[in-house]
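Listed below are the residues making up each chain.
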Amino acid sequence: VSMSSGARPRVFISRRIPEEGRALLAATCDSVAGVDGILCLLTDTINGELLDAAGPNLKVVSTLSVGYDHIDVKECARRNVKVGYTPGILTAAVAELTSVLLSPGIRAVENGEWGTWKPMWLCGPGLDGATVGIVGFGRIGVTVGRYLKPFGVASFLYHDSFQKPVEASELGAEYASFDELLAKSDFVVACCALTDETRNLFNASAFKKMKNNAVFVNTSRGGIVNQNDLITALQSGQIGAAGLDVTTPEPLPTDSPLLKLDNCIVLPHIASATHKTRAAMAVLAANNLLAGLRGDRLPQEVES
Ligand code: DGY
């Protein structure tokens, strides 16, 4: 990377990332102090304290994720530090896994509870003829709808901070208030970013509004759910089942009640974990970092 000073820039990569991205970067170092750029993960908190530790050379923070709730974007903007993220390229992988989680597995096979074939055992709603509610109708939410449509979904409802008629028209999806979506949906799929508005959005009051056999799927961030309320809703039969790729905290402690429930499946935040997707994320994150070091606009820059 050529810089005006001619000096070789120093970057901090917080974890081993796919080689495709690492090869694009010129240097690594052990501490953020004095670096020009940081390539971070969703598990790294980038706040004022970290930015202070990095110091005034820092030009760019590039996260290997589409979510950037771990970054204090305002603090970065205040210091003229650009923020890059990886939207778009992981949409398909995340939507694919989200669709799979609509049929939560159970522990009966492992526990030895799988007895003779029983007509009414472990039945849940099917997609054919169902109403699917998508909360957060962005790239991933829309793609989940697209993937599910061929399964015979009767109607799609979506909720977001504003109506999205263009995206909705392809699916024939209807905008619904959050409460209406909860009340009518057989499957409630959370695809929204974690923000101040969505933190703890799925709480006891939300679960009470859902159908008793509804399936709740979350592949966005654990923080949009009040996890204790979810556990209660699953234990009491307030809702039918849940499929989660994200929890609070991560990793989820192995003694979490979520892991004892037959009507819940928990995956370890792997929705984007295909070789192709992670390599593309690494390349985009590296290119965001390199553009920031050059003082250029980032290929995918978070607007502050
Ligand atoms: C993201 O990108 O924000 C996902 O959580 C991990 O791919």
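Residue indices begin from 1 for each chain and proceed along its sequence in written order. Where totals are concerned, whole chains, interfaces and linings use all residues; where local detail is concerned, this predicted model gives features only for residues with pLDDT of at least 70, and gives and counts side-chain atom pairs only at 80 or more.

The name recorded for the protein in an unreviewed UniProt entry is Glyoxylate reductase/hydroxypyruvate reductase, from Candidula unifasciata.

A. Structural detail: the overall build of the protein. Runs of E in the DSSP output that reach at least two residues are strands. Runs of H or I that reach at least four are helices, and both are numbered from the N terminus. Along its length, the protein carries 11 helices and 11 strands. In terms of C-alpha radius of gyration, the protein reaches 21 Å, essentially the compact-globule figure of 19 Å for 304 residues. Overall, the C-alpha framework of the protein stretches about 70 × 45 × 35 Å when taken along its three principal axes. Every one of the 304 residues in the protein was classed for burial, and the buried ones make up 43%. We call two residues in contact whenever the C-beta atoms placed from their backbones are within 7 Å. Put simply, 67% of the contacts in the protein that link residues at least 6 apart link residues at least 24 apart. Our radius of gyration is a C-alpha quantity, and the globule rule it is checked against amounts to 2.2 Å times the number of residues to the power 0.38. Exposure classification rests on a simple neighbour count of other C-beta atoms within 10 Å of a residue's own: a residue reaching 20 or more is buried, one at 12 or fewer is exposed, and one in between is partly exposed. C-beta atoms are placed from the backbone.

B. A look at the domain arrangement of the protein. When its domains are assigned, the protein resolves into domain 1 (11-87 + 275-294) and domain 2 (91-266). Each of domain 1 and domain 2 was reduced to a C-alpha centroid, and the two centroids are 31 Å apart. In this assembly, four residues from domain 1 lie in contact with five residues from domain 2. Ten residues, namely Ala, Val, Leu, Ile, Met, Phe, Trp, Tyr, Cys and Pro, are considered nonpolar, four, namely Asp, Glu, Lys and Arg, are considered charged, and the remaining ones, Gly among them, are considered polar. Counted by class, the side of domain 1 that touches domain 2 contains one nonpolar, two polar and one charged residues. Each domain span listed reflects an automatic or database assignment of domains.

C. Layout of helix H6 (residues 139-148). If you check which residues of H6 are buried, you get Ile140, Gly141, Val142, Val144, Gly145 and Leu148. Elements in contact with the buried residues of H6: helix H4 (91-100), strand E5 (131-135), strand E6 (155-159), helix H7 (165-171) and strand E8 (187-190).

D. Region of interest: the sheet that holds strand E2 (residues 37-40). The sheet built from four strands is open, its strands ordered E1-E2-E3-E4 with parallel pairing. Here the strands that pair on one side only, and so sit at the sheet edges, are strand E1 (11-13) and strand E4 (82-84). With strand direction ignored, the average angle separating the axes of adjacent strands in the sheet is 15 degrees. With three bridges connecting them, strand E3 (residues 60-63) and E4 associate as parallel partners. By the bridge assignment, Val60 is partnered in E4 with Lys82. Its contacts with the sheet place helix H11 (residues 275-294) against E1, E2, E3 and E4, and it is angled at close to 175 degrees to E3. A pair of strands is treated as paired once DSSP finds two or more bridges between them. Between N-to-C directions, angles cover 0 to 180 degrees, with each direction set by a line fitted to C-alpha atoms, over the stretch in contact for helices.

E. A look at the site of the ligand. Here, nearness means that the C-beta atom of a residue, built from backbone geometry, sits within 6 Å of the molecule or strand in question. Around the ligand sit Leu42, Ser65, Val66, Gly67, Leu90 and Ser272, and those are all the residues in its vicinity. The residue inventory of the shell around the ligand, partitioned by class, reads three nonpolar, three polar and no charged.

F. The arrangement of the sheet that holds strand E11 (residues 264-266) in detail. Across the sheet, seven strands lie side by side as E7-E6-E5-E8-E9-E10-E11; this open sheet has parallel pairing. Both edges of this open sheet fall to strand E7 (174-175) and E11, since each of them pairs with a single strand only. Inspection of the sheet shows strand E9 (residues 215-218) paired to strand E10 (residues 241-244) by four bridges, in the parallel sense. Paired with Asn218 across the strands is Leu244, a residue of E10.

G. Spotlight on the packing of H4 against H6. Running from N to C, H4 and H6 cross one another at 55 degrees; their axes reach a closest spacing of 9 Å. Judged by the angle between their axes, H4 and H6 are oblique. Relative to H6, the crossing made by H4 is right-handed. Listed contacts from H6 to Thr91, Ala92, Val94, Ala95, Glu96, Thr98 and Ser99 of H4 are Arg139, Ile140, Thr143, Val144, Tyr147 and Leu148. Residue classes in the contact of H4 with H6 are distributed as seven nonpolar, four polar and two charged. Working definition: roughly parallel below 35 degrees, roughly antiparallel above 145 degrees, roughly perpendicular at 65 to 115 degrees, and oblique for all remaining angles. Helix crossings are classified by the rotation of the near helix relative to the far one: an anticlockwise turn of less than a right angle makes the crossing left-handed, while a clockwise turn makes it right-handed.

H. Looking closely at H11. Taking 1.5 Å as the rise per residue, H11 with 20 residues should run 28 Å; its terminal C-alpha atoms sit 29 Å apart, in good agreement. With 15 of 20 residues buried, H11 is to be regarded as a mostly interior element. Of the residues one or two after H11, Gly295 is the one with positive phi, at around 85 degrees. A helix's residues, less one, multiplied by 1.5 Å, set its expected span.

I. Structural context of unusual backbone geometry. The omega torsion across Thr248 and Pro249 is -10 degrees, close enough to zero to call that bond cis. Checked against the element boundaries, Pro249 lands in the loop between E10 and E11. The linkage connecting Glu250 with the following residue, Pro251, adopts the cis geometry, with an omega of 0 degrees. Secondary-structure assignment places Pro251 in the loop between E10 and E11. A positive phi is found at Asn200, a non-glycine position, where the angle reads about 60 degrees. Among the secondary structure elements, Asn200 is positioned in the loop between E8 and helix H9 (204-209).

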